[in-house]
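So the chains spell out like this:
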Amino acid sequence: MRNNRYTHARLSCLLGAALFTASVGVAGAAENLRFAHVYETTEPFHEWALWAADQIEERTDGRYTMEVYPAASLGKEEDINEGLELGTVDVIYTGTQFAGRAYGPIGIAGAAYMFRDFDHWQAFADSELFNEIAQGYQDQTGNVPIALNYYGERHVTSNEPINEPEDMRGLKIRVPNAPMYMMMPQAVGANPTPIAFDEVYLALQQGVVDAQENPLPTIKAKAFYEVQDYINLTGHITDSLITIVGGPRWSRLSEEDQQIFREVFQEAAGNNTRDIQQAETELVAWFEEQGNTINEVDRERFREAVLPAHHGSAATWDEQTYDRLQAIGQ
């Protein structure tokens, strides 16, 4: 009886130790994260997302790995924003205009002619004002904006030249499905038509819309230049992508890992910004080689048409925020 009790106790201890070892093994296993975006694998945004994934794994000593899902493979931009809330994705790139649906002030960076030039945009990206707006978005949604990535100046492509605002009257132009993208077309009397990003090429090819607007690197990556003759340099939005970590994931990170995530994604944003700037300087000549006509426009006339909308019903920010943004860098 005594030996039986000893044997039973020993077996219990061994079983407990085995279970403890197994639980430690599970707890120590790497957690795999999902980074979703709607951009092509040929674009810098995807390249630096892959770099960020490698850096996260390396700097967290393998506690986290990250799979990157490009080209809307986990859904359209609306879907991946919703996925942050649901915890089905952990990190996304998204336009400020889409983020602005959840917290209006963050959309200010996506308004037409809100920035004077790239330097004004960069000063805002590095400003206390952006940090305050990002905190407001986090308080509202639980999700955490980490960095602004330069997306480029948005220009209008078309099959007829656009030289002045009047040339856009009645033009059926594809825009992303967010109100800020409609500000400039509406101000000049065009007909903004939301179409999902991965459907735009076919819509242009089939004449569903007459025009679209995007930065030069995107026009190349999505091959819109193949089905549009003119690239009209309206530069109407100095656009951004925000790198956002979902609240469900962020809340489970240690403070140490939160800092690592911030550092990695901010470095990636800087690299994206540099690469997009370089591409913008090179692509005008490249498009001309493809047979496109690069059309300079009088941007001030477009700006004058849009400025009243900064204070109109479409504005999702208050006057103080607007004035502070305009004062940056002056």
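Cut-offs applied
Residues numbered from 1 in each chain as written. Predicted model: local features only at pLDDT ≥ 70, side-chain atom pairs only at ≥ 80, totals over all residues. Heavy atoms only, no water. Core = buried A, V, L, I, M, F, W, Y, C linked by side-chain atoms within 4.5 Å. Buried < 20%, exposed > 50% of the residue type's maximum accessible area, 1.4 Å probe, protein only. Helix = DSSP H or I, 4+ residues; strand = E, 2+ residues; numbered from the N terminus. Contact = heavy atoms within 4.5 Å. Salt bridge = Lys/Arg side-chain N within 4 Å of Asp/Glu carboxyl O. Arc of directions from axis to C-beta. Phe/Tyr/Trp six-rings, centres within 6.5 Å; stacked < 30°, edge-to-face > 60°. Pairing = 2+ DSSP bridges. Polar contact = N/O pair within 3.5 Å; in protein donor to acceptor, adjacent residues only side chain to side chain.

Enquirer: Please explain the nonpolar core as it appears in this structure.
Expert: The nonpolar side chains of soluble globular proteins are, as a tendency, buried together. Grouped together as the largest cluster of nonpolar side chains are 100 residues, with contacts concentrated most on Phe 124, Met 168, Met 184 and Phe 265. The element best represented in this core is helix α11 (residues 255–289), accounting for ten residues. Once you skip the residues sitting within four places of it in the chain, Phe 124 turns out to touch Ala 109, Phe 115, Leu 129, Phe 130, Ile 133, Leu 148, Leu 325 and Ile 328.

Enquirer: I would appreciate a short explanation of the pattern of salt bridges in the present structure.
Expert: One pass over the structure, following the stated rule, counts 13 salt bridges. For Glu 31, the salt bridge is made with Arg 249, and the minimal N-O distance between the two is 2.9 Å. With Glu 31 in strand β1 (residues 31–36) and Arg 249 in helix α10 (residues 247–250), this pair connects stretches of sequence that are 218 residues apart. Between Glu 153 and Arg 299 there is a salt bridge; the shortest N-O distance is 3.2 Å. Here Glu 153, found in strand β4 (residues 144–158), pairs with Arg 299, found in helix α12 (residues 299–306); they are 146 residues apart in sequence, far enough to count as distant. On the basis of relative accessibility, which here comes to 27%, the residue Arg 299 falls in the partly exposed class.

Enquirer: Looking at this structure, how should I read the environment of Val 306?
Expert: Along the chain, the position of Val 306 falls in helix α12. On the basis of relative accessibility, which here comes to 0%, the residue Val 306 falls in the buried class. Once you skip the residues sitting within four places of it in the chain, Val 306 turns out to touch Ala 112, Tyr 113, Met 183, Met 184 and Ala 187.

Enquirer: Explain the environment of Asp 257 here, please?
Expert: Tracing the backbone through its elements, the reader meets Asp 257 in helix α11. Separated by 193 residues in the primary sequence, Asp 257 and Tyr 64 have C-alpha atoms spaced 9.5 Å apart. Setting aside anything within four residues of it in sequence, one finds Asp 257 in contact with Thr 60, Arg 63 and Tyr 64.

Enquirer: How do you make sense of helix α3 (residues 77–86) when you look at a structure like this?
Expert: For the α-helix, the turn length of 3.6 residues means that residues three or four positions removed from each other point alike. Buried within α3 we find Glu 77, Ile 80, Asn 81, Gly 83 and Leu 84. Buried residues of α3, viewed axially, fall in a sector of 150 degrees; they line one side. Looking at the buried residues of α3, the elements they touch are β1, β3 (91–95), α4 (96–99), β8 (230–245) and α10. Positioned one or two residues after α3, Gly 87 has a phi angle of 80 degrees, which is positive.

Enquirer: Mind showing me how you'd approach the packing of aromatic side chains here?
Expert: Centre distance and the angle of the planes are the two values used to describe a pair of aromatic rings. Applying the stated rule across the entire model yields 19 aromatic pairs. Pairing Phe 45 with Tyr 93 gives two aromatic rings, centres 6.0 Å apart and planes at 70 degrees, and the pair type is edge-to-face. Of this pair, Phe 45 sits in helix α2 (residues 44–59) while Tyr 93 sits in strand β3, placing them 48 residues apart in sequence. A centroid spacing of 4.9 Å and a plane angle of 75 degrees characterise the contact between Phe 118 and Tyr 150, whose relative ring orientation is edge-to-face. Placement of the pair is Phe 118 in helix α5 (residues 118–125) and Tyr 150 in strand β4, with a sequence separation of 32 residues. Each member of the pair Phe 118 and Tyr 150 is classed as buried. One aromatic cluster is present, formed by Phe 35, Tyr 39, Phe 45, Tyr 64, Tyr 93, Tyr 151, Phe 197, Phe 261 and Phe 265 through successive ring pairs.

Enquirer: I keep staring at the pairing of β3 and nothing clicks. Help me out?
Expert: Regular strands place side chains that alternate from one sheet face to the opposite one. A large share of β3 lies buried, amounting to five of its five residues. By the alternation rule, side chains of β3 split into Val 91, Tyr 93 and Gly 95 and Ile 92 and Thr 94, which are all buried. With five bridges joining them, β3 and β8 adopt antiparallel strand pairing. Pairing of Val 91 across the sheet is with Val 245, part of β8.

Enquirer: What is the right way to read unusual backbone geometry from this model?
Expert: Phi at Asp 61 is positive, roughly 55 degrees, even though this residue is not glycine. Relative to the elements of secondary structure, Asp 61 occurs in the loop between α2 and β2 (64–69).

Enquirer: So what exactly am I meant to see when it comes to the environment of Asp 90 here?
Expert: Assignment of secondary structure puts Asp 90 in the loop between α3 and β3. The class for Asp 90 is buried, based on a relative accessible area of 7%. Taking the C-alpha atoms as reference points, Asp 90 and Gln 277, 187 residues apart in sequence, are found 28 Å from one another. Polar side-chain contacts of Asp 90 include one of 3.1 Å to the side chain of Arg 249.

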